[in-house]
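# Structural characterization, general
What follows is each chain in one-letter form.
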Amino acid sequence: MSGAAPAVRDTQVTDQDFRAASRGWTSGVAVVTTRAGEEVFAKTVSSFSTLSLDPLLVTVAIGRHSPLVAAVRTSGRFGLSVLTDRQESVARRLATPGAGRALGGFTAVPTRTAATGAPLVESALAWFDCRLHADLPGGDHTILVGRVAAAARGTGAPLLYHDGQYRVLAPTSLKITGVGA
């Protein structure tokens, strides 16, 4: 007997099956931004993740045909802003096709800059200002790997995305006392 694992049979998974299963994953909501020349680009994402402490790296996946990907490649920088539960309108606006591109800046979404000059959403729960470290193919997406040049934590509670809807955490001030003897 060899100890090798039995072969796993491939199954057909439809796009619908994949999407239904993916809706069971709860994630935070972030906005990825960049500036290329006079144009500002932004997109709501739920595919953001920290990657490495040495060096400090983060990742985000963006549809490979998005103009934001080309703008990040051109500028060599991008920002990631983790949204608070009070920024659902920002998430909705920048998730709308075509709404995440503007000359000069966004009037409805206040931003600021840090080390690289990439726009960062004001009043975010946290932000990461990145230089483009790598961009990798990821099927119909491009995976942007950012080397963090600056980062900070704000205040508030996170905006979440689950089962196709924005959600918020229950208040943390609720405590159960007097249980047990």
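Here, the structure is the one placed above.
These lines cover the structure that appears in this document, whether it is placed above or below. Note that the coordinates shown come from a computational prediction; the quantities given were computed from them, not determined experimentally. Here the residue index of a chain counts from 1 through its sequence in written order. For this predicted model, a pLDDT threshold of at least 70 governs which residues receive local features, and a threshold of 80 or more governs which side-chain atom pairs are given and counted, while totals over whole chains, interfaces and linings are taken from all residues. Side-chain metrics in this entry use all non-hydrogen atoms of the structure; hydrogen atoms and water are not considered.

## Quick notes on the overall build of the protein chain
Of regular secondary structure, the protein chain possesses three helices and 13 strands. A simple rule labels every residue: compare its accessible area, found with a 1.4 Å probe on the protein chains alone, to the largest value its type can have, and call it buried under 20%, exposed over 50%, or partly exposed in between. Per-residue burial for the protein chain yields a buried fraction of 33% across its 181 residues. Here, Shrake-Rupley sampling with a 1.4 Å probe gives the accessible areas, and only protein chains in the shown set may cover a residue. Of the roughly 11,300 Å² of accessible surface on the protein chain, 54% is carried by carbon and sulfur atoms. Runs of E in the DSSP output that reach at least two residues are strands. Runs of H or I that reach at least four are helices, and both are numbered from the N terminus.

## Here we look at helix α3 (residues 88–95)
Along α3, the positions that sit buried rather than exposed are Val 90, Ala 91 and Leu 94. In an axial view of α3, the angular spread of the buried residues amounts to 100°, which keeps them on one side of the axis. Residue contacts are counted whenever heavy atoms from the two residues lie within 4.5 Å of one another. Buried residues in α3 make contact with β2 (30–36), β3 (39–45), β12 (159–162) and β13 (165–168). Think of the arc as the fan of directions from the helix axis to the C-beta atoms.

## Structural notes on the pattern of salt bridges
For this analysis, a salt bridge means a side-chain nitrogen from Lys or Arg found within 4 Å of a carboxyl oxygen belonging to Asp or Glu. Within the structure shown, the criterion is met by four salt bridges. The closest approach of N and O atoms between Asp 163 and Arg 23, which form a salt bridge, is 3.2 Å. Of the two residues, Asp 163 is situated in the loop between β12 and β13 and Arg 23 in the loop between α1 (15–22) and β1 (27–28); the sequence distance between them amounts to 140 residues. Using a relative accessible area of 36% as the deciding quantity, one classes Asp 163 as partly exposed. Overall, Arg 23 belongs to the partly exposed group, its relative accessible area being 42%. With its nearest N and O atoms 2.8 Å apart, the salt bridge here joins Arg 101 to Glu 39. Remark: Glu 39 occurs in strand β3 and Arg 101 occurs in strand β7 (residues 101–103); sequence separation between them is 62 residues. For Arg 101, a relative accessible area of 44% gives the class partly exposed.

## A closer look at the sheet that holds β13
Spatial ordering of the open sheet is given by β1-β12-β13, a layout of three strands whose pairing is antiparallel. The two strands at the open ends of the sheet, each matched to only one other strand, are β1 and β13. Relative to β12, β1 runs antiparallel, the two being bridged by two bridges. Within the sheet, the bridge partner assigned to Gly 28 lies in β12 and is Leu 160. Along the sheet, α3 makes contact with β12 and β13, crossing β13 at roughly 160°. Only strands joined by at least two bridges in the DSSP assignment are considered to pair. Here, axes are lines fitted to C-alpha atoms. For helices the fit covers the stretch in contact, and angles between N-to-C directions go from 0 to 180 degrees.

## Digging into the environment of Tyr 166
Mapped onto the elements of the fold, Tyr 166 is located in strand β13. Along the backbone, Tyr 166 and Val 29 are 137 residues apart, and their C-alpha atoms lie at a distance of 8.5 Å. Other than its neighbours up to four places away in sequence, Tyr 166 contacts Val 29, Thr 44, Glu 88, Ala 91, Arg 92, Ala 95, Leu 159, Leu 160 and Tyr 161.

## What about the pairing of β13?
In terms of strand pairing, β12 meets β13 through four bridges, oriented antiparallel. Across the sheet, Leu 160 pairs through a bridge with Arg 167, a residue of β13. Linking β12 to β13, which pair antiparallel, is a turn of two residues; within it Asp 163 sits at a positive phi near 55°.

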